[in-house]
Amino acid sequence: MKKLNELTLEMILKLMAPVQNERGSQTLEWLGIAAVVVLVVGLVSTAFGDGASIGESIRGAFEGWISDISG
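Overview of the structure. Because the structure is a prediction, the values reported are computed rather than measured.

### Some details on a nonpolar patch on the surface
A cluster of nonpolar side chains, namely M11, I12, L15 and M16, defines an oily patch on the protein surface of about 470 Å² accessible area. Along the chain, the position of L15 falls in helix α1 (residues 2–16). Overall, L15 belongs to the exposed group, its relative accessible area being 66%.

So this is what it looks like as structure tokens:
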């Protein structure tokens, strides 16, 4: 029984050992975040790309929503 417990403990320790091949994973995460930021900036610039300022575009959107709500 003692040998079985030792083998079980050894197997659990091997399974619970941290993975040592995570080199570069943080860089990949930063690249993913940068890609999302670039995508959001691209979408915002496309949405407001009609030459109007951002404030005027937002104001126009709110006025449209208010007129839709009020009927």
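Past the structure itself, the notes keep going.
### Some points on helix α2 (residues 25–47)
Here α2 spans 33 Å end to end across 23 residues, near enough to the 33 Å set by a 1.5 Å rise per residue. Burial of α2 is sparse: only zero of the 23 residues sit out of reach of the surface.

### Quick look at the packing of aromatic side chains
Enumeration according to the criterion identifies one aromatic pair in this entry. Both rings, one in F62 and one in W65, keep their centres 5.1 Å apart while their planes meet at 85°; by these two values the pair is edge-to-face. Placement of the pair is F62 and W65 together in helix α3 (residues 54–70), with a separation of three residues, close to one helical turn. Residue class for F62 comes out partly exposed when judged on its relative accessible area of 46%.

### Considering α1
Over its 15 residues, α1 runs 21 Å from end to end, which matches the ideal 21 Å to within 8%, given 1.5 Å per residue. Across the 15 residues that make up α1, only a small minority, zero, are buried.

What counts, and at which threshold
Residues numbered from 1 in each chain as written. Predicted model: local features only at pLDDT ≥ 70, side-chain atom pairs only at ≥ 80, totals over all residues. Heavy atoms only, no water. Patch = residues over 30% accessible without salt bridge, like charges linked within 9 Å, V, L, I, M, F, W, Y side chains within 5 Å. Areas by Shrake-Rupley, 256 points an atom, 1.4 Å probe, with all protein chains shown as cover. Salt bridge = Lys/Arg side-chain N within 4 Å of Asp/Glu carboxyl O. Helix = DSSP H or I, 4+ residues; strand = E, 2+ residues; numbered from the N terminus. Buried < 20%, exposed > 50% of the residue type's maximum accessible area, 1.4 Å probe, protein only. Expected span 1.5 Å × (residues − 1). Phe/Tyr/Trp six-rings, centres within 6.5 Å; stacked < 30°, edge-to-face > 60°.

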